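Here is how the chains run, residue by residue.
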Amino acid sequence: MARHMDSGSASMAHGAPAPVLEVRDVTKTYGGHSATTHALNGINLTIAAGEFVALMGPSGSGKSTLLNCIATIDAPTSGTIMLAGTDVSRISRSRLADFRREKLGFIFQDSNLLDSLTARENISLPLTIGRVPAAQIEADVVAAATSLGIEEVLDKYPYQMSGGQRQRVAAARALVTSPQLVLADEPTGALDSKNAKLLLESLESMNQSRGATVLMVTHDETAASYCRRVLFIRDGRVFTELDRGSDSCHAFFERIMQVVAVQGGVDDAR
Ligand SMILES: Nc1ncnc2c1ncn2[C@@H]1O[C@H](COP(=O)(O)OP(=O)(O)OP(=O)(O)O)[C@@H](O)[C@H]1O
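Residues numbered from 1 in each chain as written. Predicted model: local features only at pLDDT ≥ 70, side-chain atom pairs only at ≥ 80, totals over all residues.

(A) Quick look at the UniProt feature "domain: ABC transporter" (unreviewed entry) in the protein chain. According to UniProt, the feature "domain: ABC transporter" (unreviewed entry) maps to residues 21-260 in the numbering used here. The distance separating the terminal C-alpha atoms of residues 21-260 is 25 Å; by composition the span is 38% helix and 25% strand. (UniProt positions renumbered as here; feature names shortened; annotations may be inferred. Helix = DSSP H or I, 4+ residues; strand = E, 2+ residues; numbered from the N terminus.)

As structure tokens, then:
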């Protein structure tokens, strides 16, 4: 059964891990007097350390706006976003880039790898910028690559890799710094089903073995079924959520489909 709510905090049972992300009463309004859009309407959600959460919702429901606000790329009109204990609205402009690099990892629909760098150099990039010692970089890159099954492409350039390999290199780059939160925006959107499955299995295993906390926007019920929890967003707020509990991927997929069918249109943005 779906739990109808707009707090997101119900899953934070007493004694649960500390929240990595707390979104409280966040609104985001675009435009002026004549053409105002209320993209977020007092949205609330909480994500605990080590969770793997999907965010689903119809086109225009506010998913990208929320992700941009969490990523500190955009600012809410009102409300609070606490990330790893920091109120992101209080971070000075000069600190924002460092905050993003230190606390967040990003995986986009297109891998966004730098064409002139090998996989190894692409994955190393956030560590190099963070002035991590070379020996540590090498160890961290190999560990991330091994977890994602891409050791054999480490010395290849993006054009020498398959789309699936590029996306797993991008995932390695997002995870190599062990960020507090990984934000994944339609990471399987450009992949065929075999490569999508490989990426999702990798994310699931990074979540389980390294305790990576992942918030993934997706239109794909199969992708969402790999997560432990699915938040459904509509009209700029969470209207229901599903916990996977002890369900298999397949059983969870069926439950997600039921919510999509009843609520209608979660995947109408495809
Ligand atoms: N920069 C902007 N200026 C004005 N309106 C915007 C802007 N960005 C988003 N919106 C509006 O805010 C609402 C939420 O958009 P958002 O992109 O967050 O939706 P979404 O759920 O990510 O959609 P999709 O699944 O199609 O990517 C939409 O009505 C959209 O038109």
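(B) View of the site of the ligand. Residues in contact with the ligand amount to 13 residues; listed here are only the nearest, Tyr30, Ala39, Ser59, Ser64 and Thr65. Among the elements of the structure, β3 (37-48) and α1 (63-70) are those that each provide at least two residues to the shell around the ligand. Among the elements that take part in the shell around the ligand, α1 stands out by supplying three residues, more than any other. For the shell around the ligand, the residue count by class is three nonpolar, nine polar and one charged. (Near = placed C-beta within 6 Å. Nonpolar A, V, L, I, M, F, W, Y, C, P; charged D, E, K, R; others polar.)

(C) Fine view of unusual backbone geometry. In this structure, Asn112 is a non-glycine residue whose phi angle is positive, near 55 degrees. Relative to the assigned elements, Asn112 resides in the loop between β7 (104-107) and α3 (119-129). For Arg131, which is not glycine, the phi dihedral falls at a positive 55 degrees. Given 7 C-beta atoms within 10 Å, Arg131 falls into the exposed group. (Buried ≥ 20, exposed ≤ 12 C-beta atoms within 10 Å, placed from the backbone.)

(D) Structural view of the sheet that holds β3. Sheet architecture is open: four strands sit in the order β3-β2-β5-β6, paired in antiparallel fashion. The sheet is open, and its two edges are formed by β3 and β6 (86-87), each paired on a single side. Relative to β6, strand β5 (residues 78-83) runs antiparallel, the two sharing two bridges. By the bridge assignment, Leu83 is partnered in β6 with Thr86. (Pairing = 2+ DSSP bridges.)

(E) Layout of the pairing of strand β4 (residues 52-56). The buried fraction of β4 is high, at five of five residues. Burial along β4 is two-sided: the residues Phe52, Ala54 and Met56 and Val53 and Leu55 are all buried. Sheet topology places β4 next to strand β9 (residues 214-217); four bridges connect them, and they run parallel. Counterpart to Phe52 in the pairing with β9 is Val214. Note that β4 and strand β10 (residues 229-234) share four bridges and pair parallel.

(F) Representation of the pairing of strand β8 (residues 181-185). The buried count for β8 comes to four of five residues, which makes it a mostly enclosed element. As paired elements, β8 and β9 share four bridges and run parallel to each other. Residue Asp185 lies in a different strand from β9, and its bridge partner there is Val217. Viewed along the sheet, the connection from β8 through helix α6 (residues 193-210) into β9 turns out right-handed. (Right-handed = clockwise from strand over helix to strand, strands pointing away.)

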